[in-house]
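# Summary of structural features
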Amino acid sequence: MQFETLAIHDPHTPDPATGSVTVPIYQTSTFGREELGHRPEFFYSRIGNPTRQALETSLALLENARFGLAFASGAAATMAALQILKPGDHIVSGIDIYGGTYRIFEQLLRPWGITISYARDESTESYARCLTPETKLIWLESPSNPLLRISDIRALAEISREKSIRVAVDNTFATPYFQRPLELGADIAVHSTTKYLGGHSDVIGGAIALNDPALHTIIKNYQAAAGAIPGPWDCWLVMRGIKTLKIRMKEHEAGALHLARMLESHPAVARVWYPGLPSHPQHDIARRQMSGFSGMITIALKGGLSAVEHLLHKTKLFTLADSLGGVESLAASPAKMTLGALSPEERDKRGCTDNLLRLSVGLEHPGDLEADLNEALEGIPV
Ligand SMILES: *Cc1c(COP(=O)(O)O)cnc(C)c1O
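Before going into details, it helps to say that this report is about the structure given with it. (Residues numbered from 1 in each chain as written. Predicted model: local features only at pLDDT ≥ 70, side-chain atom pairs only at ≥ 80, totals over all residues. Heavy atoms only, no water.)

### A word on the sheet that holds strand E11 (residues 330-332)
Applied cut-off: By the convention used here, strands pair only if DSSP detects at least 2 bridges between them. Runs of H or I in DSSP of at least four residues are treated as helices and runs of E of at least two as strands, each being numbered from the N terminus. Here, two residues are considered to be in contact whenever any of their heavy atoms come within 4.5 Å of each other. Note on method: axes are straight lines fitted to C-alpha atoms, helices fitted across the in-contact stretch only, with angles between N-to-C directions ranging 0 to 180 degrees.
Across the sheet, 5 strands lie side by side as E8-E9-E12-E11-E10; this open sheet has mixed pairing. If you trace the sheet from one side to the other, it starts and ends with strand E8 (269-273) and strand E10 (319-320), each paired once. Each of E8, strand E9 (296-301) and strand E12 (356-360) is contacted by helix H10 (residues 245-264), which is oriented at about 15° to E9, the strand it contacts most.

Written as structure tokens, this is what we have:
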């Protein structure tokens, strides 16, 4: 079956008990047991809940994976995926990663004896150069936050397989509609469902999809033991988002391509990063491993931070906010906001300059967004 059909017809609907065409919200902490000594499928909602199970099944279907697991946030999903490591292990990370993931690496993992190296750029060779005999995991985002760098997932999976290194891909920016990392050879796909999967800026959530039963057991045990699980209501919201993922992503992409082209020819704009533009340095890899380019654009303004401030002050349709992937357009300053956890030197190394502006293109009419940006760019310092 095709993607949108799988997104709508999950195996849990219609509900066998009532015929409800949506998955019921089982807002319960516990389940009555019939008798002592009998362990039913559901008994305590940290361990398992039917609404969460329905979301987990749906996530697995979307990523074409054997297993799906849902978490209370993308950060919780990231932390859970990293439980496949132990002290002494080494991670090779993509250069450009979500600020919160960097914080997990540096503030949580390093004190526990796990070391991390960051590739110098997004090329396969720079990841390969960081590998050591202790390397157990390559972690990357593609497209990455905030510079929308594209790493060659298939090539990285190939160099890792020989060495029994696992590859985890944070697939938040692409979504499984445009990119399925497991099909490209990765071992783990991670999501912040807060973003496109939820899609309406009304829920915080995370997810993992994977095929390997041994890794699944480790991460599922961690989920049950550490307990960063989403409540049934939050699971339901993410499921509702998933049903329209395809049509939303197509529109996000169309709007983003329209604005990326317009911004690329604007005199106040120094540079535009959008994987769908031929000018993007890894456009060819993006075309190979993605079926579309999603709705995120990052621009550099000639006028520096004061130009960023000018645009943010004047735009009426792009709300200054930290998140992305919702129906409404959002703008963020990576240097001042999402990568605020990094030192200025670390930000510089990543090319994250003060003049960057990250745009999450929403589902408003692209013509209205274009007019709004043009107005906001008027009289901007260059
Ligand atoms: C937002 C985000 C996360 C963290 O997810 P939360 O739901 O905020 O915990 C991780 N990775 C990427 C790429 C993100 O955009």
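Once the structure has been displayed, the description carries forward.
### A closer look at the site of the ligand
To be explicit about the condition: Working definition: residue near molecule or strand if any one of its non-hydrogen atoms lies within 4 Å of it. Counted as a polar contact is a pair of N or O atoms within 3.5 Å, where, for protein atoms, one must be capable of donating a hydrogen and the other of accepting one, and residues adjacent in sequence contribute only when both atoms are in side chains. Using a 1.4 Å probe, accessible areas were evaluated by the Shrake-Rupley method; residue-level cover was limited to the displayed protein chains. Each residue gets one of three labels, nonpolar for Ala, Val, Leu, Ile, Met, Phe, Trp, Tyr, Cys and Pro, charged for Asp, Glu, Lys and Arg, and polar for the others, Gly among them.
In the vicinity of the ligand there are 13 residues, among which Ala75, Asp170, Ser192, Thr194 and Lys195 approach most closely. For the ligand, an oxygen atom lies 2.8 Å from a polar atom in the backbone of alanine 75. Summarising the interface, the protein chains cover 92% of the accessible area of the ligand, which totals 380 Å² for the free molecule. Its residues assigned to classes, the shell around the ligand shows 4 nonpolar, 6 polar and 3 charged.

### What about the packing of helix H12 (residues 304-314) against helix H14 (residues 366-377)?
Condition: Relative orientations are named as follows: roughly parallel for angles under 35 degrees, roughly antiparallel for angles over 145 degrees, roughly perpendicular for angles from 65 to 115 degrees, and oblique for any other angle. Crossing handedness is defined as follows: a turn of the near helix away from the far one that is anticlockwise and smaller than a right angle gives a left-handed crossing, while the clockwise case is right-handed.
Two elements in contact, H12 and H14, have axes whose closest approach is 8 Å; the angle formed by their N-to-C orientations is 130°. Taken as axis vectors, H12 and H14 run oblique relative to one another. Here H12 and H14 pass one another in a crossing that is right-handed. When H12 is examined against H14, the residues His310, Leu311 and Lys314 are found in contact with a partner set consisting of Leu373, Glu375, Ala376 and Leu377. In terms of residue class, the contact of H12 with H14 is built from 4 nonpolar, 1 polar and 2 charged.

### Digging into the pairing of strand E5 (residues 166-170)
Heads up, the rule is: Any residue under 20% of the maximum accessible area for its type is buried, any over 50% is exposed, and the rest in between are partly exposed; the area is computed with a 1.4 Å probe on protein chains only. The handedness of a crossover follows from its direction of travel: if, with the strands pointing away from the viewer, the path from the first strand over the helix to the second runs clockwise, the crossover is right-handed.
Within E5, 4 of the 5 residues are buried, which leaves it mostly tucked inside the rest of the structure. Alignment of strand E4 (residues 135-141) against E5, held across 5 bridges, turns out to be parallel. Residue pairing for E5: isoleucine 138 is matched across the bridge by valine 167. Following the backbone out of E4, through helix H6 (residues 153-161) and into the adjacent parallel E5, one traces a crossover that is right-handed. In the sheet, E5 pairs with strand E6 (residues 188-192) via 3 bridges, with the strands oriented parallel. Bridge pairing in E6 links alanine 168 to isoleucine 188.

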